[in-house]
Amino acid sequence: MQTEKYEKLQSILREMNSVVVAFSGGVDSTFLLKAAVDTLGADHVLAVTADSETYPSTELEEAIELAELIGAKHQVIETSELAIPGYAENTKNRCYFCKSSLFDHLVPVLNEKSFENIVYGVIADDMNEFRPGMQAAKERGIRGPLLEAGLYKEEIRELSREFGLPTWEKPSFACLSSRIAYGDFITKEKLNKVEKAEAYLKSLHIRQVRVRTHQETARIEVEPNDMNIILENHELIVRKLQDYGYKYVTLDLLGYQSGSMNKVLSI
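Notes on the structure in this doc start here. Counting from 1, residues in each chain are numbered in the order their sequence is written. Per-residue local features of the predicted model are confined to residues with pLDDT of at least 70, and side-chain atom pairs are confined, for both listing and counting, to 80 or more; whole-chain, interface and lining totals are unaffected and use all residues. By convention in this description, side-chain values take in all heavy atoms of the structure and omit both hydrogens and water.

## Description of helix 1 (residues 2–16)
Argument step 1. What counts as a helix is a DSSP run of H or I of at least four residues, what counts as a strand is a run of E of at least two, and both are numbered from the N terminus. Given a helix with a known number of residues, its expected span is that number minus one, times 1.5 Å. Here helix 1 spans 21 Å end to end across 15 residues, near enough to the 21 Å set by a 1.5 Å rise per residue.
Argument step 2. Relative accessibility under 20% of the residue-type maximum defines a buried residue, over 50% an exposed one, and the middle range a partly exposed one, all with a 1.4 Å probe and only protein chains included. Along helix 1, the positions that sit buried rather than exposed are Lys5, Tyr6, Leu9, Gln10, Ile12, Leu13 and Met16. Down the axis of helix 1, the sector holding all buried residues measures 160 degrees, keeping them to one side. In helix 1, the exposed positions that point more than 90 degrees away from the buried face belong to Thr3, Glu4 and Glu15.
Argument step 3. Two residues form a contact once any of their heavy atoms are found within 4.5 Å. Packing partners of the buried residues in helix 1 comprise strand 1 (19–22), helix 2 (27–40), strand 4 (117–119), helix 6 (145–148) and helix 7 (153–162).
Argument step 4. Residue asparagine 17 follows helix 1 closely and has a positive phi angle near 75 degrees. The arc in question is formed by the directions pointing from the helix axis toward the C-beta atoms.

## Observations concerning the packing of aromatic side chains
Argument step 1. A pair of aromatic rings is counted whenever rings of Phe, Tyr or Trp (Trp by its six-membered ring) have centres within 6.5 Å, and the orientation is called stacked for planes under 30 degrees apart, edge-to-face for over 60 and tilted otherwise. All told, the structure shown has five aromatic pairs when counted by the stated rule.
Argument step 2. For the ring pair tyrosine 6 and phenylalanine 31, a centre distance of 6.1 Å and an interplane angle of 55 degrees mean the geometry is tilted. Taken together, the residues tyrosine 6 in helix 1 and phenylalanine 31 in helix 2 connect sequence positions 25 residues apart. Taken as a pair, tyrosine 6 and phenylalanine 31 share a single burial class, namely buried.
Argument step 3. Where tyrosine 6 meets phenylalanine 163, the ring centres are 5.1 Å apart and the plane angle is 65 degrees; that geometry is what we call edge-to-face. With tyrosine 6 in helix 1 and phenylalanine 163 in the loop between helix 7 and helix 8 (188–202), the pair connects residues that are 157 residues apart, well separated along the chain.
Argument step 4. Under the relative-accessibility criterion, tyrosine 6 is labelled buried at 10%.
Argument step 5. On the basis of relative accessible area, phenylalanine 163 is assigned to the partly exposed category, the value being 29%.
Argument step 6. One aromatic cluster is present, formed by Tyr6, Phe31 and Phe163 through successive ring pairs.

## Here's the deal with the sheet that holds strand 1
Sheet strands line up and pair through hydrogen bonds in the backbone, either parallel or antiparallel.
Argument step 1. The strand order across the open sheet formed by four strands is 3-2-1-4, and the pairing between neighbours is parallel. On the outer flanks of this sheet lie strand 3 (73–78) and strand 4, each paired with one strand and no other. If you compare each strand with its neighbour and ignore which way they point, the axes differ by 25 degrees on average.
Argument step 2. Two strands make a pair as long as DSSP finds a minimum of two bridges between them. As defined by bridge partners, strand 1 adjoins strand 4 across three bridges and the pair is classed as parallel. Looking at the pairing, valine 20 lines up with isoleucine 118 of strand 4. Axes, fitted as lines to C-alpha atoms, cover a helix only where it is in contact. Angles between the N-to-C directions of the axes lie from 0 to 180 degrees.

Structural data, given as structure tokens:
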């Protein structure tokens, strides 16, 4: 089944002739970039990474290394989500504003390089989640080849492993704004606080972590088998996160859940 889907992905990419890939360095966009380069050739593919307040510097460094590993041309552009009207207010449509701005930045790159299509790493799993950014893509004719091929996350991880991509076991990642509760105004200071808190927790060898931020409270989400690390180091963790600006530090016993902030929405 995975082989059939990959062949379908290649067919979709061949029809596009040349692509600009919105490249974050995550599991999905890395696999998409690899497939595009292998299918179309490096001269017909350009990876573009948007560096902004919501994108950790460690992720940017990794994206640069991954593009080089794949042999893809890579361009980094500067963007600012906080400058987008309506974004910092942090409504449930926040991701729509973000993706709209990203794609609007990619169109001039597409035209400058005389490429034919912009693609991004939306996947089949995303159809079951609240993804307002998909509407922004649809409005602009931005394609999602992985979704069109019917590829799911686990299939992408397995294919990535077969192709020797180090991202095959990389934890899922979303922009730092997704850690801040809807309705709480997004600021650079809050984003920095989240980034530092998550970086510290990862330094304790925790694989998957989110520091969900509810005003002055940090709600830590980790996978159940990593909860013991939190408990064994709880005094150090509380002290460190309070140094970063949190007043209260909690552990969510439900564990890591993708998109957990969306539970409060009436969609």
